[in-house]
Amino acid sequence: MRALAAAAVYTALSSPAHAADPKPDAVVKTKSIEARVFLDDKIKANAALAADCLAEGRKWLDKNAAEAAAARKADPQFFKESGWDFERKYEIRSVVADRYVSILRNDHMNTGGAHPNSGVNTILWDKADNKRISIRPFFAETADNGATMKAMVKAIIASLKAEKKKREAGETATDEWFKGVAPSLLKIGAVTLAPSTEAGKSSGLTLHYPPYAVGPYAEGEYVAFVPWETLKPYLTAEGARIFGGARPKDDEEVQ
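Residues numbered from 1 in each chain as written. Predicted model: local features only at pLDDT ≥ 70, side-chain atom pairs only at ≥ 80, totals over all residues. Heavy atoms only, no water.

## Structural notes on the packing of aromatic side chains
- One pass over the full model with this rule turns up 6 aromatic pairs.
- Centre to centre, the rings of Tyr 100 and Phe 138 are 4.9 Å apart; their planes meet at 85 degrees, and the pair counts as edge-to-face. Remark: Phe 138 occurs in the loop between β7 (131-133) and α4 (147-166) and Tyr 100 occurs in strand β5 (residues 100-110); sequence separation between them is 38 residues. Note on accessibility: Tyr 100 and Phe 138 belong to one class, buried.
- Ring plane angle 35 degrees and centroid distance 5.6 Å describe the contact between Tyr 212 and Tyr 217, whose orientation is recorded as tilted.
- The partly exposed category is assigned to Tyr 212, whose relative accessible area is 42%.
- What makes Tyr 217 partly exposed here is its relative accessible area of 28%. (Phe/Tyr/Trp six-rings, centres within 6.5 Å; stacked < 30°, edge-to-face > 60°. Helix = DSSP H or I, 4+ residues; strand = E, 2+ residues; numbered from the N terminus. Buried < 20%, exposed > 50% of the residue type's maximum accessible area, 1.4 Å probe, protein only.)

## Description of the pairing of strand β10 (residues 222-227)
- Extensive coverage of β10 is indicated by the burial of 5 of its 6 residues.
- Inspection of the sheet shows strand β9 (residues 204-209) paired to β10 by 6 bridges, in the antiparallel sense. Within the sheet, the bridge partner assigned to Gly 204 lies in β10 and is Pro 227. (Pairing = 2+ DSSP bridges.)

## What to know about the environment of Ala 69
- Structurally, Ala 69 is set in helix α3 (residues 47-74).
- As a C-alpha pair, Ala 69 and Thr 30 span 39 residues in sequence and 8.5 Å in three-dimensional space.

## Thoughts on the sheet that holds strand β8 (residues 190-194)
- Strands sit in the order β8-β9-β10 across an open sheet of 3 strands; the sheet is antiparallel. Sheet topology places β8 and β10 at the edges, where each strand pairs with a single neighbour. In this sheet, adjacent strand axes meet at a mean angle of 25 degrees when their direction is disregarded.
- Across the sheet, α4 touches β9 and β10, and the angle it forms with β10 is around 130 degrees. (Axes fitted to C-alpha atoms, helices over the stretch in contact; angles between N-to-C directions. Contact = heavy atoms within 4.5 Å.)

## A closer look at the pairing of strand β3 (residues 33-39)
- With 6 of 7 residues buried, β3 is to be regarded as a mostly interior element.
- As paired elements, strand β2 (residues 26-29) and β3 share 4 bridges and run antiparallel to each other. By the bridge assignment for β3, Val 27 is matched with Arg 36.
- In sequence, β2 turns back onto β3 through a hairpin of 3 residues.
- Note that β3 and strand β4 (residues 84-96) share 7 bridges and pair parallel. By the bridge assignment for β4, Leu 39 is matched with Tyr 90.

## A look at the pattern of salt bridges
- Applying the stated criterion to the full structure yields 21 salt bridges.
- Notably, a salt bridge pairs Glu 34 with Arg 36, separated by 3.8 Å at the nearest N-O pair.
- We note a salt bridge from Glu 238 to Arg 241, for which the minimum N-O separation is 2.9 Å. Linking Glu 238 with Arg 241, this pair stays in helix α7 (residues 237-242), spanning 3 residues, or about one helical turn.
- Classification of Arg 241 by relative accessible area gives partly exposed; the value is 40%.
- Beyond isolated ion pairs, a larger network of salt bridges with shared partners links Asp 52, Glu 56, Arg 88, Arg 105, Asp 107 and Arg 132. (Salt bridge = Lys/Arg side-chain N within 4 Å of Asp/Glu carboxyl O.)

Here you go:
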């Protein structure tokens, strides 16, 4: 580990990234890997949120640097031309009620295989308490296999099937591909609050799925949308306060 630390060049930059030549906010570069983390400018404007994302990003860099070093030691022939190349980007998707910030975390990973891979996850940040939260405060109950989660999964599957039909990928709109989407907060998918035509509100939930999650690699990522009206019977007072309006037309492009 000391050798790894000595070999790595690890920096955090405080200056904002330039659009033409973005600078990573953290980077690790060794003989085995070059990996970068980027925060968008809106995230960097919130010190607590930026620190949280950057701390997570640095752990991700360290973990992958260690794995790359081990892989190189075990199979040096795969590192003759180049090492691994990884990148993570944190971007704000929506801010609701000037409090709840939805963040997309997109990963790109190239380990020299048949093709690069990508991943997506999300963060929901409470500006009032400066911490990560789940969507639990917006719903009266969120028990596994409970009414809320079952209604949510039903709407998610319907949305995914509709999107697969648009892509002419109906042959993979099957239970086998959707079996990973289960009625549990931890298994419905990576969730964000969708923007709305009504200022300060959310039009519902968007669920983000990386390649392989609900379809083969060639189909890429999927985004499911659940309108807030579908969830209305299950909302708490806070949920009723933050949801409203419709999904903007241009937001459908995130599909």
